[in-house]
Amino acid sequence: MDLRIFTEPQQGASYDTLLTVAKATEDLGFDAFFRSDHYVAMGSADGLPGPTDAWITLAGLARETERIRLGTLMTAGTFRLPGVLAIQVAQVDQMSGGRVELGLGAGWFEDEHKAYGIPFPKERFARLEEQLAIITGLWGTDIDKTFSYDGVHYQLADSPALPKPVAGKVPVLIGGHGARRTPRLAAQYADEFNIPFASIEDSERQFGRVRETAEAAGRGADGLVYSNALVVCVGRDDAEVARRAAAIGREVEELKANGLAGSPDEVVDKIGRYGEIGASRIYLQILDLDDLEHLELISAQVQSQLS
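Residues numbered from 1 in each chain as written. Predicted model: local features only at pLDDT ≥ 70, side-chain atom pairs only at ≥ 80, totals over all residues. Heavy atoms only, no water.

K.L.:
Lay out helix α2 (residues 54-64) in plain terms, naming residues and giving numbers.
P.N.:
Taken together, the buried positions of α2 are occupied by A54, W55, T57, L58, A59, L61 and A62. Structurally, α2 contributes buried residues whose contacts are with α1 (15-27), β2 (32-35), β3 (69-72), β4 (75-76), α3 (82-96) and β5 (100-105). (Buried < 20%, exposed > 50% of the residue type's maximum accessible area, 1.4 Å probe, protein only. Helix = DSSP H or I, 4+ residues; strand = E, 2+ residues; numbered from the N terminus. Contact = heavy atoms within 4.5 Å.)

Rendered as structure tokens:
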């Protein structure tokens, strides 16, 4: 079971904070550092000192880290034109020596679009499908060829389709709870299917849909990695769990029901149950980025048991 650290910087984090967490992620043996792609804080968080851009952040981290993989859960398709995004991701991949992954979604948080003047079209899923076709098409075009695309929402004419990622393409993550269109897109374009903040039962149901769709498409269900993203709150004892839950404004019982919370053994047991239904990777949502002792505990007493 791969454990990856997943951060939500829009809730309040500077680049220096993210760099500190990314370096701890690497030093403590975790597989990857991922971040959300949002521009406005959610809930009661003040968001100070203000938003950081996901791909500018990852470009910086690409030069400051050596081993961990870097990526987004999820880049909003509304934020960037697909041709521009293909260039940005390929460049950051080159900067990292081939350690980048692209999680791409349709975009959903209308308030942040209003706050920063970003268009929020109604047909976001249809646009996402075209974006996936364009981005993977650009990367997959031979260096001596050009790429063209004539879609409803995007048109490209004789693109040089450069630059290329280090390995020719970047792993693509698609996720969500949709019962029909999401599995179809995952089966067609994704290297990994991720379901965020879902129960074991709901995850099993959605993994099953994706597996069935991949089989029907002739790809094979085992051609994808299946993963979950879950909030994590681990403590050596009940008091430490309660303290960490309070620090992120959550209740212990709610975290145990909807995430990974409790003692290291409790968390290992629940991760194991996700593994039983097909997950081979867990993104641990870390909401208190100043609590590096939390990462140390997870590394020493959770990750060590799973590896």
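Alright, that's what it looks like, and here's the rest.
K.L.:
Explain empty space enclosed by the protein to me, using residue names and the numbers behind them.
P.N.:
Summed over all chains, the structure comprises one cavity of 30 Å³ or more. Forming the walls of the largest cavity are V232, C233, R244, I248, I286, L287, D288, D291 and H294. Among the residues forming the lining of the largest cavity, the class breakdown is five nonpolar, one polar and three charged. (1 Å grid on protein atoms, 1.4 Å probe; cavity = no way out; pocket = protein on both sides within 12 Å on 5 of 7 lines; lining within 4 Å. Points joined across faces, edges and corners; volume = space filled by probe spheres on them. Nonpolar A, V, L, I, M, F, W, Y, C, P; charged D, E, K, R; others polar.)

K.L.:
Break down the layout of surface pockets for me, with residues and values.
P.N.:
Of the volumes computed, that of the largest pocket is approximately 1200 Å³. Along the walls of the largest pocket sit 48 residues, with E8, H38, M42, W108 and F197 positioned nearest its centre. The dominant element in the lining of the largest pocket, judged by the number of residues it contributes, is helix α5 (residues 124-140), at three residues. Its residues placed into classes, the lining of the largest pocket shows 20 nonpolar, 19 polar and nine charged.

K.L.:
Kindly report on the pairing of strand β10 (residues 225-234), identifying the contributing residues and their values.
P.N.:
Buried residues dominate β10, accounting for nine of its 10 residues. Note: strand β9 (residues 192-196) against β10, five bridges, orientation parallel. Within the sheet, the bridge partner assigned to I195 lies in β10 and is N228. Relative to strand β12 (residues 281-286), β10 runs parallel, the two sharing five bridges. The residue bridging A229 from the neighbouring strand is Y283, located in β12. (Pairing = 2+ DSSP bridges.)

K.L.:
Any details on unusual backbone geometry? Residues and values, ideally.
P.N.:
Cis rather than trans, the peptide bond between L48 and P49 has omega equal to 10°. Secondary-structure assignment places P49 in the loop between β2 and α2. Cis geometry is found at the peptide bond from L73 to M74, where omega equals -25°. With respect to the secondary-structure elements, M74 resides in the loop between β3 and β4.

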